[in-house]
Amino acid sequence: MVVLHQALVVLTLLLCKGLAFEKVFDTNIPGHMEPLGSHAHPSQVETRWTVPTPEEFYRLYTSASKPVVLKGAAKRFPAYRLWTDSYLRNYGNWKVVVEEGKKEDRSKPTYTMSMNEFLDTYKARDVYLVHDLVPPNPMTEEVLLPKPITCGGFQHNIQSVVLWFSSGGTESTFHAEQVDNLECMFDGWKEYLLISKKDGETILDEDEGKYQEMDVEKVDMTIFPEIAQLPWYKLHVEPGDCFFVPQGWLHFVNSSKTRNMAISFWLTHQYRVVDDCHRPDQRKEVLSQITISDAGESSRVAFLDLFFGKPNMTLPVFLKFFSTEEAKQEETENMQANQSRESLMQRWMEIHKSKNSLKTFQQIDKNGDNLLSVDEVYNAPLVFFEKLIGGLGEEYAKYETVGDDEGKSGEDILKERKRLFLRNEL
């Protein structure tokens, strides 16, 4: 009987292992080893035939984190009509950046060549022109700003304008931008598959790099099973259309296998709309008129992200992100005498940083009510937010005489604290 019992136990374990093995390698999982998005029918992104005003654009799309397609919005651009290959020879001596490979692979090199060299060879090569198109480039005279971003504060928050140009058949990785993207098609079509910022954060927080390395042509659903549980969106744009993809939305892009050209306006995400559209001196109609915004504005955006849609940030919430439990205790003279020199130094640094963080809060809080408003954050110097976030990690050395040795950037630490805060664990 003992032998029979042991045999039954072994058989049960083998059956369990067999079932687990079958589950892991189940080839009937929807979308398994098929192109990204094959697992489910996606929802369609809203399409508009009228162009929103800047106020509408902010309220309905930017603030709401909602993508939209604006049909025909690029057709008024001179570049839309003019930029044939032969016409672009007028800018033939202008140096452009070209990526090796139309399927995105960030390990591959980039090259600088003249526009003429690119036009001579791009149809026969696996290359992709991805170039910042900003003043004083003379091509900017022929690019208009899409109407929703000519005022309202958007005109001052353009981080870059990127020209995408290839013979077609391009594919991106599965990724998210930390900017709002308003893109306009001049030639060919593009198709986007998207996951919202809110849903995407549930998987990116685990391992962002893992998803960027995913084979978008053959998705192994045994490695990425959570993708099948998330709602998808899809947008398709033709020549002359513009479309908006909000900050933080995960997306994969492919394009027509014909000449393909588009321009992206990368915008620092805004948390308010400015009432300046009635002032002609503030409106910007042509790309050559704009001044590129400071890339460091991303630190202000990261700070405003901690408002979580609320009008204010309280001092206790601020301290949860930019202070530590150790720093809230007494000064170093109250520490136990048997602590090592390293731990004393670390404790001193936490207290030092915490004091500086509290001082920064008080400097931003102009009315002294222990609440930070969106307007107060926008009126404060950018360096305050760079210092707050940098001070969380090794980047602290940029701003003070003492540096951390944690091996993490302030941005990484802030992301971790944000996750804990949302789970009520901070």
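So, how was this worked out
Residues numbered from 1 in each chain as written. Predicted model: local features only at pLDDT ≥ 70, side-chain atom pairs only at ≥ 80, totals over all residues. Heavy atoms only, no water. Pairing = 2+ DSSP bridges. Helix = DSSP H or I, 4+ residues; strand = E, 2+ residues; numbered from the N terminus. Disulfide = S-S within 2.5 Å. Buried < 20%, exposed > 50% of the residue type's maximum accessible area, 1.4 Å probe, protein only. Axes fitted to C-alpha atoms, helices over the stretch in contact; angles between N-to-C directions. Parallel < 35°, antiparallel > 145°, perpendicular 65-115°, else oblique. Left-handed = near helix turned anticlockwise from the far one by under 90°. Contact = heavy atoms within 4.5 Å. Core = buried A, V, L, I, M, F, W, Y, C linked by side-chain atoms within 4.5 Å. Salt bridge = Lys/Arg side-chain N within 4 Å of Asp/Glu carboxyl O. Phe/Tyr/Trp six-rings, centres within 6.5 Å; stacked < 30°, edge-to-face > 60°.

1. Comments concerning the sheet that holds strand β12 (residues 250-255)
Reasoning step 1: Spatial ordering of the open sheet is given by β1-β10-β9-β12, a layout of four strands whose pairing is mixed. Edge positions in the open sheet fall to β1 (43-44) and β12, since each of these has one partner strand only.
Reasoning step 2: With six bridges joining them, strand β9 (residues 190-195) and β12 adopt antiparallel strand pairing. Across the sheet, the residue bridging to Y192 is V253, located in β12.

2. Quick look at the state of the cysteines
Reasoning step 1: With the rule as written, the count across this model stands at two disulfides.
Reasoning step 2: There is a disulfide in this structure between C151 and C277, and the S-S distance comes to 2.1 Å. Since a negative S-S torsion denotes a left-handed disulfide, the C151-C277 link at about 100° is right-handed. Of this pair, C151 sits in the loop between β6 (127-132) and β7 (158-166) while C277 sits in the loop between β13 (260-267) and α7 (297-304), placing them 126 residues apart in sequence.
Reasoning step 3: Of the residues examined, C151 reaches a relative accessible area of 0% and is grouped as buried.

3. Considerations on the packing of α7 against helix α11 (residues 382-390)
Reasoning step 1: Two elements in contact, α7 and α11, have axes separated by 8 Å at closest approach and are oriented at 70°. As judged from the angle between their axes, α7 and α11 are roughly perpendicular. Like other packed secondary-structure pairs, α7 and α11 cross with a definite hand, here left-handed. Contacts from E297, S299, R300, A302 and F303 of α7 reach α11 at L382, F385, E386, L388 and I389.

4. A closer look at the nonpolar core
Reasoning step 1: Within the largest apolar cluster, 44 residues are counted, with the highest numbers of intra-cluster contacts made by W83, V143, I149, F186, I263 and F265.
Reasoning step 2: Setting aside chain neighbours within four positions, we find I263 in contact with W83, L133, V143, V161, V162, L163, W164, L182, E183, C184 and F186.
Reasoning step 3: With 23 residues, the next largest nonpolar core counts L304, F322, Y378 and L392 among its residues.

5. Examining the sheet that holds strand β3 (residues 68-70)
Reasoning step 1: Taken in spatial order, the nine strands line up as β2-β3-β11-β8-β13-β7-β6-β4-β5 in an open sheet, and their pairing is mixed. Looking at which strands have only one partner, the edges of the open sheet turn out to be β2 (47-48) and β5 (110-114).

6. Let's talk about the environment of V68
Reasoning step 1: Here V68 shows up in strand β3.
Reasoning step 2: Among the residues examined, V68 registers a relative accessible area of 0% and is labelled buried.
Reasoning step 3: Taking C-alpha positions, V68 is 9.3 Å from P246, a pair spaced 178 residues apart along the chain.
Reasoning step 4: Discounting residues that sit within four places of it in the chain, V68 has contacts with V45, E46, R48, Y61, C242, F243 and F244.

7. Focus on the pattern of salt bridges
Opposite charge on two side chains permits pairing when their charged atoms draw close.
Reasoning step 1: A full pass over the atoms with the stated rule returns 18 salt bridges.
Reasoning step 2: A salt bridge links K66 to E46, with the nearest nitrogen and oxygen atoms 3.0 Å apart. Separated by 20 residues along the polypeptide, K66 in the loop between α2 (54-62) and β3 and E46 in the loop between β1 and β2 bring together distant segments of the chain.
Reasoning step 3: Here D85 ties to R259 by a salt bridge, and the two come within 2.8 Å at their closest N and O atoms. Separated by 174 residues along the polypeptide, D85 in helix α4 (residues 85-88) and R259 in the loop between β12 and β13 bring together distant segments of the chain.
Reasoning step 4: Looking at D85, the relative accessible area reads 18%, which means it is buried.
Reasoning step 5: Where salt bridges share partners, they join D85, K123, D187 and R259 into one cluster.

8. A closer look at unusual backbone geometry
Reasoning step 1: In this structure, P136 follows P135 across a cis peptide bond, with omega equal to 15°.
Reasoning step 2: Secondary-structure assignment places P136 in the loop between β6 and β7.
Reasoning step 3: Positive phi outside glycine occurs at M33, with the angle close to 60°.
Reasoning step 4: Considering the arrangement of structural elements, one finds M33 in the loop between α1 (2-24) and β1.

9. Considerations on the environment of K284
Reasoning step 1: When you line up the elements, K284 lands in the loop between β13 and α7.
Reasoning step 2: It is 9.7 Å that separates the C-alpha atoms of K284 and F154, two residues lying 130 residues apart in sequence.

10. Considering α7
Reasoning step 1: Extensive coverage of α7 is indicated by the burial of six of its eight residues.
Reasoning step 2: For α7, every residue scored as buried is listed here: E297, S299, R300, V301, F303 and L304.
Reasoning step 3: The secondary structure elements touched by the buried residues of α7 are β14 (312-314), α8 (315-322), β15 (371-373), α10 (374-379) and α11.

11. Section: the packing of aromatic side chains
Reasoning step 1: With the rule as written, the count across this model stands at 24 aromatic pairs.
Reasoning step 2: With a centroid separation of 5.9 Å and 70° between ring planes, the pair formed by F77 and F186 is classed as edge-to-face. Of this pair, F77 sits in the loop between β3 and α3 (78-82) while F186 sits in strand β8 (residues 180-187), and the two are 109 residues apart along the sequence. Each member of the pair F77 and F186 is classed as buried.
Reasoning step 3: Three or more aromatic residues link up through ring pairs in this structure, and these residues are F303, F307, F318, F322, F361 and F385.

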